[in-house]
Each structure stands twice: as C-alpha cells, then as structure tokens.
Amino acid sequence: MIRTRQLSYRYPGGPALVFPDVDVPQGTVLLLSGPSGCGKSTWLALVAALAAPTSGALTVADQPLGTLKNIAADAWRARAIGFLPQKLHLSAALSVQQNLVLAQWASGQPEEPVRIHEALSALGVQDLAQHKPAQLSGGQAQRVALARAVLMQPRVILADEPTASLDDEAAADAVGLLLNTALAQGATLVIASHDARVAALIPSDAGGRIGFQPLQLKRCQR
Ligand code: ADP
Ligand code: MG
C-alpha cells in the first residue's frame, strides 16, 4: 500500500517537484510514467524513505514516513522495500551469492542459504550463484538484482526504468518478471518508466488479480 498527499520535493536551488496524490492498494501495480526529468526517480526515493519530502505526507506499507529518520528508515527500508535501481549496484568484488548474503545481513536477518537459493531459483539464475557480476549478461544481472530486491519478501517493489536499453523481447521479459514476482509475493509494484512500451506490457486486468493504475507526471512546474 502506498498513499501520498500533497507531496513535493525541492532539490537545493531547483524548482519544486509537485506530485499528484496516489492511493495504491496492497498487491496492485502503479505505472509511473512521464518524460525524463519529471521526477519519477525522485518520487521513488521519497517512497523508499531515501529522501524526506519538502512538504506533504506519505504512508508506505503501513508506515507513515514523515517521522522516520536515519537508522530507523534504513531498517524499515531493508524490510519493507525491494528496490530495483536503474543502475543495479551489484558489488563487483562479491559473487552473486555473496551479494544476496549482504542484502540479508543489511536487513538484520541471519544468513539463510535456503532463502537465497529459492530467490535465485524463482528468477532462473540459481546456476550463477558463484559468478561475479562482471561475468553476467545484462539480463542475468537484472534478474540477480531483482532476486536481491525481493529476497526479504518486501511489501513494496520499486523498479526504476527496468526496460532502459533493452530490446523488445528483453523488455517484455523484464516487465513480466516484475509482475510475476510481485504477484507471487503479494507485493505492491511500482514501475517508473519513460518507455512507451511498458504500458502495453502490463495487462490491465491480469486475471482480476492485479489492479493497474497509471500515474502520468508532467514536466516539472517551474
Ligand atoms: P526522472 O526520473 O523522471 O527522469 P528525476 O527524479 O531524476 O526525474 O529528476 C527530477 C528533476 O530533479 C530533474 O529536473 C533533475 O534534473 C532534478 N534532479 C534530480 N536529482 C537531482 C539532484 N541530486 N540535485 C539537483 N537536482 C536534481
Ligand atoms: Mg529517473
């Protein structure tokens, strides 16, 4: 569940980015679209409590974020949010397995090899556990990053431009994986994308189980 009210954010010296209110019920999908620079990545940062809004209020996975600071925000994020960033940020020195161990550790949980194996298996990359990120194709790396993002079964999955620089087939795969993963875990899914192909890849009614709503951000108000 994500609920925002009169949310705005201003980078130092920049214009205020003003966001429309949304109510995203648990287990449904929000497509956050709009041209580059309209604030999609910023909105994701607010929902992930990586940044605090300049004004307005938001509640994510039953947690009002206005009062959440620093360490508490980090702990909450590690449990509640699965973030698939545009740049994947897999640690180059670590194996795939170790990257997921690190995520488990960051969420305050003991290492659970079975859970890691299950997460990698669900995304079809279990055979790559001992590989280093540099040995992976782009698609494989994205699957690993998604496995890491959803390892702790977050209530909310945020994906930033998941189809950027992918051909049509790989883009369809990426969106399909996100939808299937969210559905399997009952997570709320937000896909932020300026890629016009993405809307067509999200079924408006996937068997009645996924409610889907678009949120179109306009050019930022100056
Ligand atoms: P989008 O993801 O939709 O492309 P962003 O959220 O990245 O948009 O950026 C929204 C606006 O905020 C843009 O005008 C961008 O230049 C500006 N912006 C983003 N990050 C920063 C930053 N760290 N400092 C200053 N301005 C920023
Ligand atoms: Mg962006």
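All values reported here derive from a predicted model rather than from experimental measurement. (Residues numbered from 1 in each chain as written. Chains lettered and ligands numbered in written order. Predicted model: local features only at pLDDT ≥ 70, side-chain atom pairs only at ≥ 80, totals over all residues. Heavy atoms only, no water.)

Student: An account of the environment of glycine 37 is needed here, citing residue identities and associated values.
Tutor: Note that glycine 37 resides in the loop between strand E4 (29-33) and helix H1 (40-47). According to the relative accessible area criterion, glycine 37 is exposed, its value standing at 57%. Sequence separation between glycine 37 and leucine 123 is 86 residues; the distance between their C-alpha atoms is 31 Å. (Helix = DSSP H or I, 4+ residues; strand = E, 2+ residues; numbered from the N terminus. Buried < 20%, exposed > 50% of the residue type's maximum accessible area, 1.4 Å probe, protein only.)

Student: So, the environment of isoleucine 81: which residues are in play, and what are the values?
Tutor: You can see isoleucine 81 is positioned in strand E7 (residues 81-84). Distance from isoleucine 81 to glutamine 153, taken between C-alpha atoms, is 8.5 Å for residues 72 residues apart in sequence. Among residues more than four places away in sequence, those in contact with isoleucine 81 are Val47, Ala48, Val60, Trp76, Ala149, Pro154, Val156 and Leu158. (Contact = heavy atoms within 4.5 Å.)

Student: Go over the site of ligand 1 with me, naming the residues and quoting the values.
Tutor: Around ligand 1 sit Tyr11, Leu17, Pro35, Ser36, Gly37, Cys38, Gly39, Lys40, Ser41 and Thr42, and that is every residue in its neighbourhood. In the environment of ligand 1, an oxygen atom lies 2.8 Å from a nitrogen or oxygen atom belonging to the backbone of lysine 40. A distance of 2.9 Å is found between an oxygen atom of ligand 1 and a backbone nitrogen or oxygen belonging to serine 41. For ligand 1, whose free accessible area comes to 560 Å², the fraction covered by protein is 56%. With three residues, the top contributor of residues to the shell around ligand 1 is H1. Its residues placed into classes, the shell around ligand 1 shows four nonpolar, five polar and one charged. (Near = heavy atom within 4 Å. Polar contact = N/O pair within 3.5 Å; in protein donor to acceptor, adjacent residues only side chain to side chain. Areas by Shrake-Rupley, 256 points an atom, 1.4 Å probe, with all protein chains shown as cover. Nonpolar A, V, L, I, M, F, W, Y, C, P; charged D, E, K, R; others polar.)

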